Amino acid sequence: MLQRQLEEPTTVSNLWNYLAFVAFVVVSALIPIRKRLCSRKVKTKEDYVFGAGHISMLAMMLSIARGTLGVISVLGYPSEFFYRGTAMWETLYGMMTAYPIVCFVFIPVYFDLGITSVYQYLELRFNSRLVRCLASGTYILRTLLSLGVTIYTPTVALNTIIGVPYWASLLCITCISIFFNALGGMKAAVAADVIQSLSMTAMLVGIVIYCCVKSGGVDQVVAIGAQAGRMNFFNFAADLHLRVTTTSAWLGELFMSLSLLGCQQNFVQRYLSMPTLRKIRQTMLVNIPLVAVLFSLPWLVGMGIFALYYTCDPLKAGNIEKMDQILPYFIMDYFSKVPGVWGLFVGTLFNGALTLNISNINSLATVTWEDFLSLLPGFRKKADSYQLTVIKLVGTIYAILILGVGFLVGLLSGVIESSVLVLSATSGPLLGVFILAMFVPFANWKGAALGMLVSHGVTVWIVTGRMMYVEVYDSLLSTSIEGCVGDAPFLTNSTSYIVVDQMSRIMPMAVQGDSFLYRIYSVSYMYYGVFGTILTVAVGLVFSLATWSSVDAYNTKMLHPAVRWLHERSPFGGKRFGSFDVNKGDKLPPSAKVVVVSNLTVKDSGKS
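Residues numbered from 1 in each chain as written. Predicted model: local features only at pLDDT ≥ 70, side-chain atom pairs only at ≥ 80, totals over all residues. Heavy atoms only, no water.

Participant: Please explain the packing of aromatic side chains as it appears in this structure.
Facilitator: Aromatic rings in a pair are described by how distant their centres are and how their planes are angled relative to each other. Tallied over the full model, the rule gives 25 aromatic pairs. Measuring from ring centre to ring centre gives 5.1 Å for Phe82 and Phe306, while their planes differ by 75°; the resulting arrangement is edge-to-face. Residue Phe82 is located in helix 5 (residues 72-84), and its partner Phe306 is located in helix 14 (residues 277-309); the two are separated by 224 residues in the primary sequence. With respect to burial, Phe82 and Phe306 carry one shared label: buried. Taken together through their ring pairs, the aromatic side chains of Tyr77, Trp89, Phe233, Phe234, Phe295 and Trp299 make up a single cluster. Taking the ring centre of Tyr554 as reference, the NZ or CZ of Arg125 above it sits at 3.9 Å. (Phe/Tyr/Trp six-rings, centres within 6.5 Å; stacked < 30°, edge-to-face > 60°. Helix = DSSP H or I, 4+ residues; strand = E, 2+ residues; numbered from the N terminus. Buried < 20%, exposed > 50% of the residue type's maximum accessible area, 1.4 Å probe, protein only. Lys NZ or Arg CZ within 6 Å of the ring centre and 35° of its normal.)

Participant: Before we go on, may I ask you to explain the packing of helix 8 (residues 129-162) against helix 15 (residues 326-335) in this structure?
Facilitator: When two helices pack together, you describe them by how their axes are tilted relative to each other and by the distance separating the axes. It is the contact of helix 8 with helix 15, at a shortest axis distance of 9 Å, that shows an interaxial angle of 35°. Two packed elements cross with a definite hand, and for helix 8 against helix 15 that hand is right-handed. For the pair helix 8 and helix 15, the contacting residues are Ala157, Thr160 and Ile161 in the first and Pro328, Tyr329 and Met332 in the second. Looking at the contact of helix 8 with helix 15 residue by residue, the class counts come to 5 nonpolar, 1 polar and no charged. (Axes fitted to C-alpha atoms, helices over the stretch in contact; angles between N-to-C directions. Left-handed = near helix turned anticlockwise from the far one by under 90°. Contact = heavy atoms within 4.5 Å. Nonpolar A, V, L, I, M, F, W, Y, C, P; charged D, E, K, R; others polar.)

Participant: What is the right way to look at the nonpolar core in this model?
Facilitator: For soluble globular proteins, nonpolar side chains are generally found buried alongside one another. In this structure, Tyr121, Phe330 and Phe434 are the most contacted members of the largest nonpolar core, which totals 150 residues. Considering every element that reaches this core, the biggest residue donor is helix 14, with 16 residues. Beyond its immediate chain neighbours, meaning those up to four positions away, Phe330 contacts Ile207, Tyr210, Cys211, Ile305, Leu308, Tyr309 and Phe335. (Core = buried A, V, L, I, M, F, W, Y, C linked by side-chain atoms within 4.5 Å.)

Participant: When you look at the environment of Val218 in this model, what are you seeing that I'm missing?
Facilitator: Turning to its location among the elements, Val218 is positioned in helix 11 (residues 218-227). Look at Val218 and you get exposed, because its relative accessible area is 53%. In sequence terms Val218 and Val208 are 10 residues apart; their C-alpha atoms lie 9.3 Å from each other.

Participant: What am I meant to see in the pattern of salt bridges here?
Facilitator: Side chains that carry opposite charge are capable of pairing whenever their charged atoms lie near each other. In total, this model carries 6 salt bridges according to the counting rule given. One salt bridge in this structure joins Arg129 and Glu123, with 3.4 Å as the shortest N-O distance. Judged by its relative accessible area of 39%, Arg129 is partly exposed. Shared partners join several salt bridges into a network, and the residues in it are Glu123, Arg129, Arg132 and Asp371. (Salt bridge = Lys/Arg side-chain N within 4 Å of Asp/Glu carboxyl O.)

Participant: Please clarify how the side chain of Arg132 should be interpreted in this entry.
Facilitator: Mapped onto the fold, Arg132 is located in helix 8. What makes Arg132 buried here is its relative accessible area of 4%. Among the polar contacts listed, one links the side chain of Arg132 to the side chain of Asp371, at a separation of 2.6 Å. (Polar contact = N/O pair within 3.5 Å; in protein donor to acceptor, adjacent residues only side chain to side chain.)

Participant: Would you mind showing me how to read the environment of Ala437 here?
Facilitator: Of note, Ala437 is situated in helix 18 (residues 415-439). Given a relative accessible area of 0%, Ala437 falls into the buried group. Put simply, Ala437 and Leu559 are 122 residues apart on the chain and 6.8 Å apart in space, counted from C-alpha to C-alpha. Ignoring any residue separated from it by four or fewer positions in sequence, one finds Ala437 in contact with Tyr121, Leu122, Arg125, Phe126, Met558 and Leu559.

Participant: Would you take a moment to explain helix 21 (residues 528-547) for this structure?
Facilitator: Because an α-helix packs 3.6 residues into every turn, residues spaced three or four apart end up facing the same way. An ideal rise of 1.5 Å per residue puts 28 Å on 20 residues; helix 21 measures up with 28 Å between its terminal C-alpha atoms. Taken residue by residue, helix 21 has Tyr528, Gly529, Val530, Gly532, Thr533, Thr536, Val537, Val539, Gly540, Ser544 and Thr547 as its buried positions. (Expected span 1.5 Å × (residues − 1).)

Participant: I would appreciate a short explanation of the packing of helix 5 against helix 14 in the present structure.
Facilitator: Two elements in contact, helix 5 and helix 14, have axes separated by 8 Å at closest approach and are oriented at 50°. Between helix 5 and helix 14, the angle is such that the two are oblique. Where helix 5 crosses over helix 14, the handedness of that crossing is right-handed. On helix 14, the residues that touch Ser73, Val74, Tyr77, Pro78, Glu80, Phe81 and Phe82 of helix 5 are Phe295, Pro298, Trp299, Val301, Gly302, Met303, Ile305, Phe306 and Tyr309. Of the residues contributing to the contact of helix 5 with helix 14, the split by class is 13 nonpolar, 2 polar and 1 charged. (Parallel < 35°, antiparallel > 145°, perpendicular 65-115°, else oblique.)

Participant: What is the right way to look at the state of the cysteines in this model?
Facilitator: Cysteine pairs can be covalently joined through their sulfur atoms, and such a bond is termed a disulfide. Following the criterion strictly, the structure yields 1 disulfide and no others. Note on cysteine connectivity: Cys312 is disulfide-linked to Cys484, with sulfurs 1.7 Å apart. Measuring the twist about the S-S bond at about 100°, one finds the Cys312-Cys484 disulfide to be right-handed. In this pair, Cys312 sits in the loop between helix 14 and helix 15 while Cys484 sits in the loop between strand 1 (470-471) and strand 2 (507-508), placing the two residues 172 residues apart along the sequence. As far as the burial class goes, Cys312 and Cys484 line up, both buried. Its sulfur unpaired, Cys175 is 6.9 Å from the next cysteine sulfur, which belongs to Cys172. (Disulfide = S-S within 2.5 Å.)

In structure tokens form, the structure reads like this:
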């Protein structure tokens, strides 16, 4: 198929597109907070954080699915398919595996505790503010970095289509987020997620249908992708240095999703806003096929776009500067003269980043208050209205910090690469400490804290070594410009990139390829979460056994029910590791004192 001439839209068409963009963003932003704008009722902290338990199951399903995928997928996955094939698509296996594990393993532990911050559980289990703050800090760091990628994503489309500077788009998203955060809350965030999920799904389905019609049918789209070597499923190569294989995609995404869905505040906050454990399980399990469909849609879009451009790669021809611009370029190439189309497209992306930013700012501010500020002497025992005001102010500060991160994301190699690297590098310590808390009866705060610190240190060392001493070539599949016609600048003005085989290894710069350090630094980032989790648990196990004492006793109700049942019947249970159950009348250690948190009696020895 020949490359089409990229035509400039007419003045009338541009006017309609701008109106469509502004109208979509304004309406989708105001609908979730319309009641707040028309009501004089003072919002309580509970309503702001949890939505007061009035969120429907369908709305929660769409919100959870929306939070899992994010706007990054809309731009990132089509370009990933076009230039690297389907290898990253197989991360879906790990995501779908994680849902039932979170549903039946993590949620039962949290549900009856009545906690506001999921990291409060770690303090109850280990009787340690240090462990709680380490976990909260990990979540805050990861969310700030990932949101920087998220708000950067729509700026690519705005810059490609209408030439809006990156800084202007980022600033606009930040200002709207601050306004929405001040008036919204969890209920508004879920409503915004629902609107975004439906609009994004409709847009992607429309693009898939259009591409199939233009290419000659679904069979033709699949055949073109297969002939060009894009359908590279089921590669079980054992080499840890390959960028993505079926093994690393499933295993890496499983650990990332467990950390994300089971240990991250913004998701747990949604689960706990539902009234019963049964309702949570229904929502999570029914959500699995929905997530599979929503996750696959951007990949199908990538297949359709590739079928249209497989003989004239816009990047190689110099029509775009970055891989992630392939979808915006397609919209302008085929719909520039259709009134309102690119306006709705850019509006959907812009609003997607906006709603995800607002939702996570809500969770970031809540965690910061519950896990840090509320523990300070000057903030203790403050009124509900005062707490809510501080949470909103903290959310504003985070919005500004995310803006700063967004400016830095453009220096990295694509939004998918950036997003996966951030999630994988920070997943291990967080998931590992929750595994220690729920499944290791003899784990104490000393082992948990040291495990997290060691895991963070090793992960930072590997990531730093990768960036400083290993040159990571973009493993892009070959593309063609044989079908290009017209005034395309072809290779003369194009952004240079290296086309190598998908299975090619990462090449060294300053470290020899056969050295031990090179082999460590060049391990695929898909495994960072796996190694980080194993390291956290291993160090935590060893150090906990070496340092256990009677003051480390804890309420066994903090363990997973199945582990508690086995622990009570094992020769190592009971007083062997100083655990106790106050409901059975067990005697507490002399150094412990009892406090009541949400109708659950736990001990507080004041350690760490």
